[in-house]
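Here is what each chain is made of, one letter per residue.
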Amino acid sequence: MAHSQALGAPGHSARDPFSEISKNLRACMQCGTCTGSCGSAAKMDYTPRQVWRMVQSGLKEELFTSRTFWLCSSCYYCTLRCPRGLPLTDTMAALKRVATAEKYANDRKSPPFYKAFLDSVRKYGRVREAEMMTRYFLAVKNPALPLSFVPLGMKLLAKGKMELQLPGVSRGGKLERLYKKVMELEAAQ
Amino acid sequence: MKYFYYPGCSLEHSAKEYDLSTRALMRLLGRELLEIEDWTCCGASAADTASRLLSIVLPARNLALAQKSGETADMLVPCSSCYLNLKRADQLIGRDSQTRGLVNEALAEEGLSYGGGVRVRHLLDVLANDIGAGAIAEGLKQSLPGLRVAPYYGCQALRPFADFDDPEQPHSMDSLIEATGASVFDWSMGAKCCGAGLMTTKKELAQELVADLLDAAKGADCIVTVCPMCQMNLEAGQKKISRMRGRPLEISIVYLPQLLGLSLAMSGGGLRLDLNLALTRPFKQRLAAMAK
Ligand code: SF4
Ligand code: SF4
């Protein structure tokens, strides 16, 4: 099932999520404190300060073809330090949400990973790490990717800290009804 | 004194030793843990990328289960990401009636409801403020003199809520570490980010962040953590990161309840240091020598 349908993404609501995000940033004075506080900024195509400006200027395509917000680790430094008290980490999350819902292919790994995580939770209620990673590898379809996780996987297995399990194919799941209801409610928003 | 206990997914598997040492330590200190029956995932940082409502409903389910049990207690949470999500859900539901309405419509599917009111506490907060360094010093059986411990807080125990410590210059671990007879390694990296979930999706970036931390901890005997994700990020790739930086950066990484447990001579079954991924030989030798 497509991600956007699966979770009733905000992109399908009547309101334009991009302008919602923009509203939150209106008080930004472009001081750059957020960028200076961000451990990921050096690796981003656009710095956090530039991202807020792009949102306000409606440069949606430019922003969503960059990987910037997928490099946000949710450290909350920018949120803590912004002199205007803006919800910056939440805004990065909102951008991830819009990119996922509108299927911008600006990042090959992040959306499949988060989807694998949430599908695992939907099915079992709790994350089963090996099962979740298998879902992720299957979705990314890059044969080299699983290999990079082998050393850690072996260590965890050896210590009995991971249980091997393939993704379940049976229908239904522990949190199926709850997920469905959330979708429904969000679509009606 | 009782606490609701929310272990979270990591503590079931990859962070078993954090779960076991937390339970053993609390038992030793005379605190009762009421594990939330049928708890489910808090959504971590994944739910928010898909649905704002889901990111509130998933933790709210657990808060509702705790309340439904009929007990009254604070909720003890050892994982910083779970802590943040549970606390955020509680606050949003308490504060915003529209959110509260939507969340409860969803929870009704599970026969649950939640209006706010369960106090969510990080394990570090409970150890530092409810139990306190005094209780650790009083119970001291095995002093750890000369051990230089770098306290690592990470992000989400401190930010955005800053509930029990300074969000940029935290110090709540200092007196606990000193109570064990060890000394606090003076560094400025305790509140910096380890890359969190980016270790899976943006490995190169996360490894750079971890390399900076390991580099700065040079001179310490171990780093102490209070989050399963921080612990895993710091301990798992040390060989590779050492190669990346062209110098040895191996260092022992232990969970705070393991360090405190050591000083209280908690049994090995509660410590489970055998499950840690990064304990250097010199560190193990130090511990063995101290135990003599
Ligand atoms: S710190 Fe706040 S006000 Fe300054 S640039 Fe960043 S978002 Fe704008
Ligand atoms: S929360 Fe994200 S954007 Fe803000 S400082 Fe941290 S990594 Fe950078």
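Residues numbered from 1 in each chain as written. Chains lettered and ligands numbered in written order. Predicted model: local features only at pLDDT ≥ 70, side-chain atom pairs only at ≥ 80, totals over all residues. Heavy atoms only, no water.

1. Observations regarding the interface of chain A and chain B
Applicable threshold: In what follows, a contact means two residues having at least one pair of non-hydrogen atoms within 4.5 Å. Here's the idea: put two parts together, see how much 1.4 Å probe accessible area each one loses, and the total over both is what we call buried area. Salt bridge criterion: a side-chain nitrogen from Lys or Arg within 4 Å of a carboxyl oxygen from Asp or Glu. Here a polar contact is taken to be a pair of N or O atoms separated by no more than 3.5 Å, where protein atoms must pair a possible hydrogen donor with a possible acceptor and residues adjacent in sequence count only if both atoms sit in side chains. Helix and strand definitions here come from DSSP, where helices need a minimum of 4 consecutive H or I residues and strands a minimum of 2 consecutive E residues; each element is numbered from the N-terminal end. Here the term charged refers only to Asp, Glu, Lys and Arg, the term nonpolar to Ala, Val, Leu, Ile, Met, Phe, Trp, Tyr, Cys and Pro, and the term polar to all other amino acids, Gly among them.
With 56 residues of chain A in contact, the opposing surface of chain B contributes 62 residues. Around 5300 Å² of area is buried between chain A and chain B when both sides are counted, 60% of it from carbon and sulfur atoms. For the chain A face of the interface with chain B, the top three residues by lost area are Arg126, Lys161 and Leu178 of chain A, together amounting to 14%. Among the ionic pairs, glutamate 17 of chain B bridges to lysine 161 of chain A, the shortest N-O distance being 2.9 Å. Counting every contact that joins chain A to chain B gives 19 residue pairs in polar contact (both at pLDDT 80 or more). Of all the secondary structure elements, the ones that give two or more residues to the side of chain A that touches chain B are α1 (3-7), α6 (77-81), α7 (88-101), α8 (110-124), α9 (129-140), α10 (144-158) and α11 (176-188) of chain A. If one sorts the elements of the side of chain A that touches chain B by residue count, α11 of chain A sits on top with seven residues. Here the residues of the side of chain A that touches chain B are counted per class, giving 27 nonpolar, 11 polar and 18 charged.

2. Details of the site of ligand 1
Where we set the bar: The rule for a residue being near a molecule or strand is that one of its heavy atoms must lie within 4 Å of it.
In the vicinity of ligand 1, 14 residues are found, and the nearest of them are Cys28, Cys31, Gly32, Cys34 and Cys82 of chain A. Those elements that provide at least two residues to the shell around ligand 1 are α3 (33-37) and α4 (48-56) of chain A.

3. Quick look at the domain arrangement of chain B
Residue and element names in this part refer to chain B. Keep this limit in mind: These domain limits were set by an automatic method or by a database of domain assignments.
The assigned domain composition of chain B is domain 1 (2-122) and domain 2 (132-291). Contact between domain 1 and domain 2 buries roughly 2100 Å² in total, counting both sides, with carbon and sulfur atoms accounting for 74%. If you look at where domain 1 meets domain 2, you find one salt bridge. Residue lysine 87 is joined to aspartate 163 by a salt bridge in which the shortest nitrogen-to-oxygen separation is 3.0 Å. Inspection of the domain 1/domain 2 interface yields four residue pairs in polar contact (both at pLDDT 80 or more). Among the elements of the structure, α1 (9-12), α2 (16-28) and α5 (80-95) are those that each provide at least two residues to the side of domain 1 that touches domain 2. When residues of the side of domain 1 that touches domain 2 are assigned to their parent elements, the largest contribution, nine residues, is made by α2. Here the residues of the side of domain 1 that touches domain 2 are counted per class, giving 12 nonpolar, eight polar and four charged.

4. Notes on a nonpolar patch on the surface
Put simply, the rule is: Nonpolar side chains (Val, Leu, Ile, Met, Phe, Trp, Tyr) are joined into patches within 5 Å and like charges within 9 Å, using only residues with over 30% relative accessible area and no salt bridge. Residue-level accessible areas treat just the shown protein chains as cover; the underlying method is Shrake-Rupley with a 1.4 Å probe.
On the surface, Leu147, Val150, Met154, Leu157 and Leu164 of chain A cluster together into a nonpolar patch covering about 510 Å² of accessible area. Topologically, leucine 164 of chain A is positioned in the loop between α10 and α11.

5. Section: the pairing of strand β3 (residues 74-77) of chain B
All names here are of chain B. This is how it is decided: The buried label goes to any residue with under 20% of its type's maximum accessible area, the exposed label to any with over 50%, and the partly exposed label to all in between, with areas taken from a 1.4 Å probe on protein chains only. One bridge is not enough; two strands pair if DSSP finds at least two bridges between them.
Where burial is concerned, the two faces of β3 agree: the one with Asp74 and Leu76 and the one with Met75 and Val77 are both buried. Bridge count between strand β1 (residues 2-5) and β3: three bridges; the pairing is parallel. When the bridges of β3 are listed, tyrosine 5 appears paired with leucine 76. Where β3 lies against strand β4 (residues 120-122), three bridges are found, and the strand directions are parallel. Following the sheet pairing, valine 77 is matched in β4 by histidine 122.

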